[in-house]
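Each chain, written out:
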Amino acid sequence: MWRMRERWQEGISKTNLKKVVPFFRGFTVRAGNVRNTQPEVDGTPYCLNEHCRAPHPYIILKKTTNLIFVSMETLLEQQRRYHEEGDRLTDAMGKEMIHPSKTQREQINSDHRLKQLLDRSMECATELKDLYEDKDGLRKEEVQALSGPNEFAEFYSRLKNLKEFHRTHPNEISVPMSTEFEELDKAREKPSDDMQTLIDFTDEEGYGKYLDLHEFHNMFINLKGMDKIDYISYLSTFDQLFDIPKDRKNAAYKEYVLSMLEYLQLYTQKVKPLLDLHEEMETVHKDFDEQWKDGNFPGWPVRTSLHVIQC
């Protein structure tokens, strides 16, 4: 159900528009009926919500010749919509998981689609939790208005606003939520050329099959005191950092290791988007602390470890 709450002149600034945001809690903002379209303010793309992914107009921020209109739905309708969206997302995740992936590319793309659905499901759950907690009391007020002594007056008031909205916007199209998930099914069964490449990989990485360590090979052979080995030899030894003498591990070496760590983390996120990398790193840090405390960490004997700790 729609209500016209506010109306602003076209010349509204971004600052003033941002002040309006707290008034709309838990809403999705869209421009027209094109998914992921950002509204424009003073000719500049501007979005109130970074999660503009809904295909149906929960809130429409629409710029016309003279006015900017904002429409919104009731809190109870928001709850119903989030429940529906959560159920559809769960169904979509199930279909994605049982869909066979014949190649490495298909598996990576499937994992990324599943990750997007999972993130969106978590967002829905968070919004529902906030609505049910009703910290500002707006949901309670709405329920009382619908169940109080003036429920018929409230009903006809909302019906009047609804008719007025459609009278002033006769060409406004409401796209049902099912349409988006039908498109997801089609994209999964018969992906287009654009949907075949969801993640950017270099040619050497072969869409998640190989590592591209050319940059780090160049960094390594330019480190002071390192052997000038070829790339193939480097691939077989690049992870054996414990074989490198301590006196060669200077500031440049630290930069080299940190750069490689950043690359490997980003690469893992692209190849295994469903992997909880944060949890994996916590396990690695815990194992390191235990080995370091016992003085048996590879490449750092007890005497060296104690010296570093004292420093």
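Each remark here, short or long, concerns the structure printed above.
We now turn to the structure provided with this report. Here the residue index of a chain counts from 1 through its sequence in written order. In keeping with the predicted nature of the model, local features appear solely for residues at pLDDT of at least 70, side-chain atom pairs appear and are counted solely at 80 or more, and the whole-chain, interface and lining totals rest on all residues. Calculation of side-chain values draws on the structure's entire complement of heavy atoms; hydrogens and water are dropped beforehand.

Some words on a negative patch on the surface
Side chains of D276, E279, E280 and E282 sit close together on the surface and give a patch of like negative charge. One can find E280 in helix α10 (residues 277–294). Partly exposed residues are those whose accessible area sits between 20% and 50% of the maximum for their type, while under 20% is buried and over 50% is exposed, using a 1.4 Å probe and protein chains only. Residue classification places E280 among the partly exposed residues on the basis of a relative accessible area of 40%. In this scheme, patches are assembled from residues that exceed 30% relative accessible area and form no salt bridge. Like charges are connected within 9 Å, while nonpolar side chains (Val, Leu, Ile, Met, Phe, Trp, Tyr) are connected within 5 Å. Accessible surface is estimated by sampling points in the Shrake-Rupley manner with a 1.4 Å probe; for residues, cover comes only from the protein chains shown. The working definition used for a salt bridge is a side-chain nitrogen of Lys or Arg within 4 Å of a carboxyl oxygen of Asp or Glu. Only four residue types enter the charge count, namely Lys and Arg as positive and Asp and Glu as negative; His and the chain termini do not. Charge positions come from single atoms, namely NZ of Lys, CZ of Arg, CG of Asp or CD of Glu. Under the scheme used here, helices are H or I runs from DSSP no shorter than 4 residues and strands are E runs no shorter than 2 residues, and both carry numbers assigned from the N terminus.

Examining the packing of helix α3 (residues 104–133) against helix α9 (residues 251–271)
Only the stretch in contact is used when fitting a helix axis, every axis being a line fitted to C-alpha atoms; angles between N-to-C directions are given from 0 to 180 degrees. At a closest axis distance of 8 Å, the pairing of α3 and α9 adopts a crossing angle of 90°. On the basis of the axis angle, α3 is roughly perpendicular to α9. Here Q104, I108, D111 and H112 of α3 come into contact with α9, specifically with Q269, K270 and V271. Partitioning the contact of α3 with α9 into residue classes produces two nonpolar, three polar and two charged. For classification purposes, angles smaller than 35 degrees are called roughly parallel, those larger than 145 roughly antiparallel, those between 65 and 115 roughly perpendicular, and all remaining angles oblique. In this description, contact between two residues means that some pair of their heavy atoms is separated by no more than 4.5 Å. Any residue that is not Ala, Val, Leu, Ile, Met, Phe, Trp, Tyr, Cys, Pro, Asp, Glu, Lys or Arg is counted as polar, Gly included; the first ten are nonpolar and the last four charged.

A look at the environment of D185
Secondary-structure assignment places D185 in helix α6 (residues 177–189). Note on D185: relative accessible area 23%, which makes it partly exposed. C-alpha separation for the pair D185 and K95, spaced 90 residues apart in sequence, amounts to 8.4 Å.

Some thoughts on a nonpolar patch on the surface
A cluster of nonpolar side chains, namely L118, M122 and L274, defines an oily patch on the protein surface of about 270 Å² accessible area. Mapped onto the elements, L118 comes out in helix α3. Judged by relative accessible area, which is 36%, L118 ranks as partly exposed.

Regarding the nonpolar core
Here is a general trend for soluble globular proteins: nonpolar side chains tend to be buried in one another's company. Judged by nonpolar contacts, the single largest core of 20 residues is most densely connected at F201, L213, F216, F220, Y234 and Y256. The dominant element in this core, judged by the number of residues it contributes, is α9, at six residues. Once residues lying within four places of it in the same chain are set aside, the contact partners of F220 are M226, D227, I229, Y234, I244 and Y256. By nonpolar core is meant a set of buried Ala, Val, Leu, Ile, Met, Phe, Trp, Tyr and Cys residues that side-chain atoms within 4.5 Å join together. Counting twelve residues, the second-largest nonpolar core is a separate cluster that includes L89, L114, L128 and L131.

Structural notes on the packing of aromatic side chains
Only Phe, Tyr and Trp rings are paired, with Trp represented by its six-membered ring, and only when their centres lie within 6.5 Å; those with planes under 30 degrees apart are stacked, over 60 edge-to-face, the remainder tilted. Summed over all chains, the structure comprises eleven aromatic pairs. Note on F216 and Y263: the rings are 5.4 Å apart at their centroids and 50° apart in plane angle, and the pair reads as tilted. One end of the pair, F216, is in helix α7 (residues 214–221); the other, Y263, is in helix α9, and 47 residues separate them in sequence. Accessibility assignment for this pair places F216 and Y263 in one class, buried. Among the aromatic residues, ring-to-ring pairing joins F201, Y207, F216, Y263 and Y267 into one connected group. Ring-over charges, as used throughout, are those where CZ of Arg or NZ of Lys falls within 6 Å of the ring centre and within 35 degrees of the ring normal. Taking NZ or CZ as reference, R81 lies 4.4 Å from the ring centre of Y82, over its face.

Overview of the packing of helix α2 (residues 75–98) against α3
Here α2 crosses α3 at 155°, and the two axes come no closer than 9 Å. It follows that α2 is roughly antiparallel to α3 by the angle criterion. Here α2 runs over α3; the crossing is left-handed. Contacts between α2 and α3 involve L75, Q78, Q79, Y82, H83, E85, L89, A92, M93, E96 and M97 from the first element and S110, R113, L114, L117, L118, R120, S121, C124, E127, L128, L131 and Y132 from the second. Class assignment of the residues belonging to the contact of α2 with α3 gives a composition of 13 nonpolar, five polar and five charged. Handedness of a crossing follows from how the near helix is turned relative to the far one, being left-handed for an anticlockwise turn of less than a right angle and right-handed for a clockwise one.

Considerations on the pattern of salt bridges
If you walk through the whole model with that rule in mind, you get 17 salt bridges. As a salt-bridge pair, D91 and K95 come within 3.3 Å of each other at their nearest N and O atoms. Of the two residues, D91 and K95 both sit in helix α2, four residues apart, roughly one turn of that helix. With its nearest N and O atoms 3.0 Å apart, the salt bridge here joins E96 to R113. Residue E96 is found in helix α2, and its partner R113 is found in helix α3; the two are separated by 17 residues along the sequence. By relative accessible area, which is 2% here, E96 ends up buried.

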